[in-house]
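Notes for the structure review
If you want the building blocks of each chain, they are given just below.
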Amino acid sequence: MLFYMLRRLGLAMLIVVIAVSLLFGMIHAVPGDPLSIVLGPRATPEMRADLAARLGLEKPFVVQLGAFFLNVLRGDLGADVFSNRSVATIFFSQLPFTASLIFMAIGWSAAIGIPLGCFSAIHRNSWIDKFTGIFSVGAITIPSFVVALYSLLIFAVALKWLPAIGAGQEGDIISRLRHLILPSLAVGLGWVGYLARLVRASMLEVLGENHIRTARAFGLPERTIVFHYALRLAILPTVALLGVGIGHMLSGAVFAEIVFARPGVGKLIFDSVITRNYPVVMGSVIMTTLIFVICTTAADLISAWLDPRIRENL
Amino acid sequence: MPNIPASTTAAPTPWQSLINHLGRDPMALLGIILVVIMVGSAILAPWIAPHDPNKINVRYRLKPPSADHWLGTDQLGRDVLSRVIMGSRIALQVALISIAVAGSCGLLLGMLAGYGPRWLDSVLIVLFDTVRSFPTIMFALAVVTLMGPSLNTVILVVIVTSIPVYGRIVRSQTQALRNHEFILAERAMGAGAMRVLGLHMLSNVIGPLLIIASMDIPVVVTIEAGLSFLGLGVRPPTASWGAILNDGYAFIRNTPWLVIAGGVPLILTTLGFTFLGEALRDVFDPKLRREA
Amino acid sequence: MHTEYPPPVKPNSLALSIQDLSINFQTVRGTLKALRQVSIDIPRKRIVGLVGESGCGKSTVINAILRLLAENARIQSGVIEFQGQDILQMTPDALRDMRGNRISVVFQDPMTALNPVLSIGRQMIDIQYREKTSRAQKTARAAAMLTRVGIPDARKRLEQYPHQFSGGMRQRIAIAMALMAKPDLLIADEPTTALDATLEIQIIDRLRKLHQDIGCSILFVSHHLGLVAEFCDEVVVMYAGETVESGNVRDIFYRAAHPYTRALLQCDPARIKEKSPVLPTIPGEIPDMVNLPDACIFAARCPIKQHGCPLTPPPAHDIQPGHQARCHLSARKDD
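Residues numbered from 1 in each chain as written. Chains lettered and ligands numbered in written order. Predicted model: local features only at pLDDT ≥ 70, side-chain atom pairs only at ≥ 80, totals over all residues.

Some thoughts on the overall build of chain A
- From N to C terminus, chain A includes 13 helices and zero strands.
- Counting helices and strands in the order they occur from the N terminus, chain A gives α-α-α-α-α-α-α-α-α-α-α-α-α.
- Out of the 314 residues belonging to chain A, those deemed buried represent 43%.
- For chain A, restricting intrachain contacts to residue pairs at least 6 apart in sequence, the fraction spanning at least 24 positions comes to 72%. (Helix = DSSP H or I, 4+ residues; strand = E, 2+ residues; numbered from the N terminus. Buried ≥ 20, exposed ≤ 12 C-beta atoms within 10 Å, placed from the backbone. Contact = placed C-beta atoms within 7 Å.)

This is the structure:
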């Protein structure tokens, strides 16, 4: 188990290093000089000279890369071009909004997706199974920003049941939650479909296995068999995939935050792209990539730990 | 004298099984219809669009559907239906270029990874995983910042993020085949082996590749639409479905029709290709269900 | 080997009686007639062997007794009498009361028959859910049973997971679980097929000892003829969904009446005295059970049909009291 953990962590770190280098390298691969990109169109010659010296642009690429890495490790992701505030500070101030959005989205998907999948597996080929099948494909395929736009149109603009803009009043939990409902639904709907399909397939597979037949042959009540024996096993694959799911949800969060004018990492990056606030964009993308890699690695490790077979054999 | 009959059923050909499947699965049929409509409208766009999609007529802005404008007009008075039809062109363009370029790159890299030396395989796998470790839209935003917004930037992003998808499938297929065919190859004539393998490999890999391509098209079309919706994709006045949604969002309180018009074709296209892909997968290679 | 010649069984001393059971399966190719007029009697406290090659319907019989048939199964006719009730008509509640309590099963594959993510102890306690005893008492009972099947250090091992046991031990755990409730009938579905020969002997010895202690009936399904000869009192031979011969173990092994039984015995590697490069087999294949021939089910492969057999589906002929065979030619034995 320990060996597996170390290998997995090693791979994760390697990927992060390559990803960050790739992003860093992209600056230099792009036509136009890095100074304009970093400083934006408002740079004066003095600022450019100063930055050139600081960035050490005459030094070889590898040295620059190394310096960049050192900075990242120290938590220095550069500074906002306009306000000069640290990118790291800005990023972490916006992260909680996105995090709450994603947590709620995961909540939706677990609360709806898992029962749907379970029910479909138990009542195979019933009308609810067929409905779940079509619904899942639809939920997975329909783009999240379209869901966001349509739910905005229907529930906020037309019916006026839920708020259309912002994250709600600070300190007011109810207001916060009301403002979370539509955006998190937009972000999480895809995962609802994905989980429903996955849990259904997983449950069907588990329910067909020999040990379930043994449990039935011993007369165990159906409820015990389904929920304590089968579901426990069927859920395992979903944990590993949750890591990947978070990556999709991060992308979905960008759209949800823009459509519903919510604060968050997505909106931050988008606004920074528009204003060519390059350090904020690159720093934030690095951070979100890092978060994504952490999530997938953690998901893999947790799912390995949960299955005693893997735990023992590694 | 009672006689004992022998079993007579023969296995159906792939085309027969596809037709059978279509008969049983209404979703697959629906998928094909939707795909045909979309591709047809993309190809025939200049002839079937009722108006010039870029013709501005500010006096008739934001009108709801009417006899003259089946889907109404946008904020500059342009006919929405014509813009939607032109939008299918953009979507198809993106889809085809991405399959062509990403598909061939993925094919090449995948075969290299599956058939080449182990170190090359490890390197390529790490590269694939690295590209997949960027949340797609975040990556797209980073590229847009550096290269400026345009349809070409979007296509570049789409290609780069699709290559690992094709690459992985080709790689696993190649690996499976390698163990299979290699033994045959050893017995084959020396020089002929490589060519035989190459052709064999290719013909076996094309099938899953096509299935993955049809599952990838909705993803690719969605990325373009998403970026254009953010204003970071096609440049105005080009009509892409995402751009229509962008306009629709800005004027959502004035009229719902723009948002509906931009979203519905996108939904139908992505659903259509997905149903088609699933049908193809069910018929030709049910094992692939696990691969994604 | 059992040397006494047991008298024919009186009806009210039967633990289980399957009478004229016919089951079909709806498949994409058509209706599969998996069981046709199958009759099996299991007397109290006796061990009945059920032999036949793969696909003959043994599993379907077991699933029918437990009412765990697949969704596409259709019971055409027949009765399974158990303790005064017909299992085929039982309500789900009655069935659950019966399973694991008055009828238990030991399944074929010990590697997959137990839940991999729950401890042995948890599984053994769960199946005692009917008892009103405390958890500690249930644990004690489980530990005692494990010790009885020869697993040392039982308390500690209750906390372990199935993959931490060898195949032979897992099968012993399965037997322990099956016999914990002191059932009236134990069904052993090829319990030793997945194990090697030495383990096989150990398992059978254990089963025999437990059988003597508990006094249940056993339905022992196997295609290993030597084992059946060793272990069973009565034998039923199945072929392609029919019971072609039944009788006590001596009748079947020394005086086999049905040509299929005789062919099976000839093909048993254990019985071959001289070395030969070619192992005997029965030529031909089992018939297609969707498109059944309108003839004796074994006609296509029968080596003696040319001696005047009418080839029509035969009824069960009585060779001797307690020994029956579905063969026209068995009624007039020449050898």
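Things to note about the overall build of chain B
- Helices and strands together make up the secondary structure of chain B, namely 10 helices and zero strands.
- Here chain B holds 292 residues, and 48% of them are scored as buried.

Quick look at the interface of chain B and chain A
- Counting residues at the interface gives 34 residues for chain B and 41 residues for chain A.
- Listed by contribution, the elements that provide at least two residues to the side of chain B that touches chain A are α5 (118-132), α6 (136-147), α8 (190-229), α9 (241-250) and α10 (257-284) of chain B.
- Within the side of chain B that touches chain A, the residues separate by chemical class into 23 nonpolar, nine polar and two charged. (Nonpolar A, V, L, I, M, F, W, Y, C, P; charged D, E, K, R; others polar.)

Topic: the packing of helix α10 (residues 222-259) of chain A against helix α11 (residues 265-274) of chain A
All names here are of chain A.
- At a minimum axis separation of 7 Å, α10 and α11 run at an interaxial angle of 80 degrees. Classified by the angle their axes make, α10 and α11 are roughly perpendicular. Residue-level inspection shows Ala253, Val254, Glu257 and Ile258 of α10 in contact with α11, the latter providing Gly266, Lys267, Ile269 and Phe270.
- Across the contact of α10 with α11, the residue classes tally to five nonpolar, one polar and two charged. (Axes fitted to C-alpha atoms, helices over the stretch in contact; angles between N-to-C directions. Parallel < 35°, antiparallel > 145°, perpendicular 65-115°, else oblique.)

Looking at the nonpolar core
- Core analysis: the largest hydrophobic core is formed by 257 residues, its most contacted members being Ala148(A), Ile269(A), Leu141(B), Ala142(B) and Phe220(C).
- Element by element, the count of residues in this core is highest for α10(A), at 17 residues.
- Per-domain counts for this core show at least three residues from each of domain 1 (13-102 + 181-273 + 280-334) and domain 2 (111-180) of chain C. (Core = buried A, V, L, I, M, F, W, Y, C linked by C-beta atoms within 7 Å. Domains from an automatic or database assignment.)

Description of the sheet that holds strand β12 (residues 323-325) of chain C
Residue and element names in this part refer to chain C.
- What the eight strands build is an open sheet, ordered β6-β7-β8-β3-β9-β10-β12-β11; its pairing is mixed. The open sheet has two edge strands with one neighbour each: β6 (103-106) and β11 (317-320). Along the sheet, successive strands turn relative to each other by an average axial angle of 20 degrees, direction set aside.
- As paired elements, β6 and strand β7 (residues 185-189) share four bridges and run parallel to each other. Opposite Val106, over in β7, you have Ala188 as the bridge partner.
- Helix α6 (residues 167-179) contacts β6 and β7 of the sheet and is inclined by roughly 175 degrees relative to β6. (Pairing = 2+ DSSP bridges.)

What to know about the environment of Arg83(B)
Residues and elements named next belong to chain B.
- Position of Arg83 among the secondary structure elements: in helix α4 (residues 80-115).
- For Arg83, a count of 28 C-beta atoms within 10 Å puts it in the buried group.
- Each C-alpha atom of the pair Arg83 and Asp25 lies 33 Å from the other, and the pair is 58 residues apart in sequence.
- The contact partners of Arg83, leaving out residues within four places of it in the chain, are Pro53, Arg78, Ala239 and Ile244.

A closer look at the interface of chain A and chain C
- Chain A puts 19 residues into the contact, and the matching count from chain C is 21 residues.
- Listed by contribution, the elements that provide at least two residues to the side of chain A that touches chain C are α9 (210-217), α10 and α13 (308-313) of chain A.
- Sort the elements by how many residues they give to the side of chain A that touches chain C and α9(A) lands first, with six residues.
- Looking at the side of chain A that touches chain C, its residues break down into seven nonpolar, five polar and seven charged.

Observations regarding the confidence of the model for chain B
Residue and element names in this part refer to chain B.
- Looking at chain B as a whole, the pLDDT averages 81, with 84% of positions reaching at least 70.
- Across chain B, the secondary-structure element scoring lowest on mean pLDDT is helix α1 (residues 14-24), at 69, and the one scoring highest is α9, at 91.
- Throughout residues 1-9 the model reports pLDDT below 50, and contacts reaching past four residues in sequence, or to other chains, amount to 12 contacts.
- Segment residues 288-292: pLDDT under 50, and five contacts once partners within four positions in sequence are set aside and those in other chains are kept.
- At the level of chain-chain contacts, confidence expressed as ipTM amounts to 0.83, with global pTM at 0.80. (pLDDT = per-residue confidence, 0-100.)

Observations regarding the environment of Pro50(B)
- With respect to the helices and strands, the residue Pro50(B) is situated in the loop between α3 (45-48) and α4.
- Once residues lying within four places of it in the same chain are set aside, the contact partners of Pro50(B) are Asp79(B), Leu81(B) and Ser82(B).

Concerning the sheet that holds strand β4 (residues 73-82) of chain C
Residue and element names in this part refer to chain C.
- If you walk across this open sheet you meet the four strands as β2-β1-β4-β5, and the pairing is antiparallel. Lying at the two open borders of the sheet, with one neighbouring strand each, are β2 (30-43) and β5 (85-86).
- Where strand β1 (residues 14-27) and β2 come together, 10 bridges link them in antiparallel fashion. Its bridge partner being in β2, Gln26 is matched across the sheet by Thr31.
- Relative to the sheet, helix α1 (residues 58-66) contacts β1, β2 and β4, its axis offset from that of β2 by approximately 70 degrees.

Re α10(A)
Residue and element names in this part refer to chain A.
- Spanning 38 residues, α10 covers only 45 Å between terminal C-alpha atoms, well under the ideal 56 Å at 1.5 Å per step.
- The sharpest bend along α10 reaches about 45 degrees and sits at Leu231.
- At the exit of α10 stands Ala261, carrying a positive phi of roughly 50 degrees. (Expected span 1.5 Å × (residues − 1). Bend = angle between axes of the 7 residues up to and from the residue.)

Some points on the pairing of strand β3 (residues 47-51) of chain C
Residue and element names in this part refer to chain C.
- β3 sits mainly inside the fold: five of its five residues count as buried.
- Here β3 shows two buried faces, one formed by Ile47, Gly49 and Val51 and the other by Val48 and Leu50.
- With five bridges connecting them, β3 and strand β8 (residues 217-222) associate as parallel partners. Its bridge partner being in β8, Val48 is matched across the sheet by Leu219.
- Sheet analysis places β3 next to strand β9 (residues 234-239), joined by four bridges and oriented parallel. Paired with Val48 across the strands is Glu234, a residue of β9.

Description of the packing of helix α12 (residues 278-306) of chain A against α6(B)
- Following both chains from N to C, one finds α12(A) and α6(B) inclined at 155 degrees, their axes separated by 10 Å at the closest point. The orientation of α12(A) relative to α6(B) falls into the category roughly antiparallel. The two elements α12(A) and α6(B) cross, and the hand of that crossing is left-handed. On α6(B), the residues that touch Tyr278(A), Val281(A), Met282(A), Val285(A), Thr288(A) and Thr289(A) of α12(A) are Met138(B), Leu141(B), Ala142(B) and Thr145(B).
- Of the residues that constitute the contact of α12(A) with α6(B), the class distribution is seven nonpolar, three polar and no charged. (Left-handed = near helix turned anticlockwise from the far one by under 90°.)

Regarding the environment of Val254(A)
- You can see Val254(A) is positioned in helix α10.
- Classification of Val254(A) as buried rests on a count of 29 C-beta atoms within 10 Å.
- For Val254(A) and Thr98(A), which are 156 residues apart along the polypeptide, the C-alpha to C-alpha distance reads 8.8 Å.
- With residues up to four places along the chain from it excluded, the contact list for Val254(A) reads Gly266(A), Ile269(A), Phe270(A) and Ile137(B).

Brief notes about unusual backbone geometry
Residue and element names in this part refer to chain B.
- A cis geometry characterises the amide bond from Pro236 onward to Pro237, with omega recorded as 5 degrees.
- Following the sequence through the fold, Pro237 ends up in the loop between α8 and α9.
- For Leu62, which is not glycine, the phi dihedral falls at a positive 55 degrees.
- On the secondary structure map, Leu62 appears in the loop between α3 and α4.
- Residue class for Leu62 comes out partly exposed when judged on the 16 C-beta atoms lying within 10 Å of it.

Considering helix α4 (residues 61-73) of chain A
- In this model α4(A) runs 18 Å from its N-terminal to its C-terminal C-alpha over 13 residues, within 8% of the 18 Å that 1.5 Å per residue would give.
- Where α4(A) terminates, the next one or two residues include Gly75(A), which has phi positive at roughly 90 degrees.

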